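Coordinate analysis (summary)
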Amino acid sequence: QLIKKIQNLQEKHLFFLSENVVADSLEMSKMESVYGLPHVRLDAKDYSPCKRDRIYWINLPLSALPEDDLRKRSVPELEGGEMATACVLKHSNMVVKANTFLASECRLDDTPRMMVVKRENSNGEKERFRITTFTVRDREVMMGFPVGYVFKPLKELYSTLKRDAFGVEFENGASWHSRLDPKYHHFCNCDFKFEPSPNDTEFPYEIQIGTQREHRKEGYYLNCEKYAKRLLGNAWSLPVVEELLSPLRQICEKRKYSDYDYVYPWPPHNLI
């Protein structure tokens, strides 16, 4: 209904893009009747190093991705030399895609789904491996974001709240609204939890921001790193969005943006 109303209010054609998780056939049929279009099912593993199987509705013509496209063979570019768990040992040359990043607290680092391993230097001894999970940096890169795109502003947020909101005593009726930049005002209504952080001698505690409770009786609290992983778990895969919107190149006027020259660090993008 919203799409139809906007279309009726403007003279130019309205293009739209909508995304959802893969649903059962009955739900898919209902959604297709609402949009009046068949869905497009794409998995980010065909465009990037990580999986993200989703359905889309878009009123732009799309072309099929060639089977020999180099993007289908891209593998995770991980921090510190780690590799996806299935790449280890005898199968190290396999094309392995990272599993889908999710947003719920229990799925941020669930094992073995989010496990990665690093082959340690054995020095002639029996091979050893260090097991960890995908870092924020790993997830940013594989979802198509430049390193720090999500984590850097979040780190600034947590640091500002810790230093300028909870780390000071307000005097003479001062409050968050009078002391902090307006972009932080929303967070004064959030729930917070504080955990000891002995390594910080000036402010020896860590802030955790509470999530919206939604359908749960109790929310949960996330530190900066987990909050970044949660946001990335809710994000769209940028290489897939780029593919979906690529027909606009034939419709819209071309422009160059000097600050938007980021290149995905996997073939064929990094070979140009």
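Residues numbered from 1 in each chain as written. Predicted model: local features only at pLDDT ≥ 70, side-chain atom pairs only at ≥ 80, totals over all residues. Heavy atoms only, no water.

Moving on to the overall build of the chain. Helix and strand content of the chain: 7 helices and 9 strands. Here the chain, with 272 residues, has 37% of them falling under the buried criterion. Looking at the chain alone, contacts between residues at least 24 apart form 58% of all its contacts between residues at least 6 apart. (Helix = DSSP H or I, 4+ residues; strand = E, 2+ residues; numbered from the N terminus. Buried < 20%, exposed > 50% of the residue type's maximum accessible area, 1.4 Å probe, protein only. Contact = heavy atoms within 4.5 Å.)

This part is about the nonpolar core. Core analysis: the biggest nonpolar cluster contains 34 residues, and Phe101, Phe134, Leu154, Leu157, Tyr158, Leu161 and Ile209 have the highest contact counts within it. Examining the composition of this core, we find that 5 residues originate from one element, helix α4 (residues 151–165), more than from any other. If we ignore the near neighbours within four places in the chain, the residues touching Phe101 are Cys50, Arg52, Met114, Phe134, Arg139, Met142, Met143 and Gly233. Ranked by size, the runner-up nonpolar core spans 8 residues in total, among them Ala44, Tyr56, Ile58 and Leu244. (Core = buried A, V, L, I, M, F, W, Y, C linked by side-chain atoms within 4.5 Å.)

Summarising burial for helix α6 (residues 224–233): 7 of the 10 residues are buried, a large majority. Taken residue by residue, α6 has Cys224, Tyr227, Ala228, Lys229, Arg230, Leu232 and Gly233 as its buried positions. Structurally, α6 contributes buried residues whose contacts are with β6 (128–133), α3 (136–142), α4, β8 (205–210) and β9 (221–222). The distance from a side-chain oxygen at the start of α6 to the backbone nitrogen of Glu225 is 3.3 Å, and the residue carrying that oxygen is Asn223. (Polar contact = N/O pair within 3.5 Å; in protein donor to acceptor, adjacent residues only side chain to side chain.)

We now examine the side chain of Glu243. Position of Glu243 among the secondary structure elements: in helix α7 (residues 238–245). Accessibility expressed as a relative area gives 16% for Glu243, which makes it buried. When near neighbours in sequence (up to four residues on either side) are disregarded, Glu243 contacts Tyr47, Leu62, Ser63 and Arg71.

Moving on: the packing of α4 against α6. Here α4 crosses α6 at 140°, and the two axes come no closer than 10 Å. Classified by the angle their axes make, α4 and α6 are oblique. For the element pair α4 and α6, the recorded crossing hand is right-handed. Facing Phe151, Leu154, Lys155 and Tyr158 of α4, the residues of α6 in contact are Cys224, Glu225, Tyr227, Ala228 and Leu231. Classifying every residue of the contact of α4 with α6 by side-chain character gives 7 nonpolar, no polar and 2 charged. (Axes fitted to C-alpha atoms, helices over the stretch in contact; angles between N-to-C directions. Parallel < 35°, antiparallel > 145°, perpendicular 65-115°, else oblique. Left-handed = near helix turned anticlockwise from the far one by under 90°. Nonpolar A, V, L, I, M, F, W, Y, C, P; charged D, E, K, R; others polar.)

We now examine the sheet that holds β9. Sheet architecture is open: 3 strands sit in the order β7-β8-β9, paired in antiparallel fashion. Each of the sheet's edge strands pairs with one partner strand only, and the pair in question is β7 (192–196) and β9. In the sheet, β7 pairs with β8 via 5 bridges, with the strands oriented antiparallel. Paired with Phe194 across the two strands is Ile207, which belongs to β8. (Pairing = 2+ DSSP bridges.)

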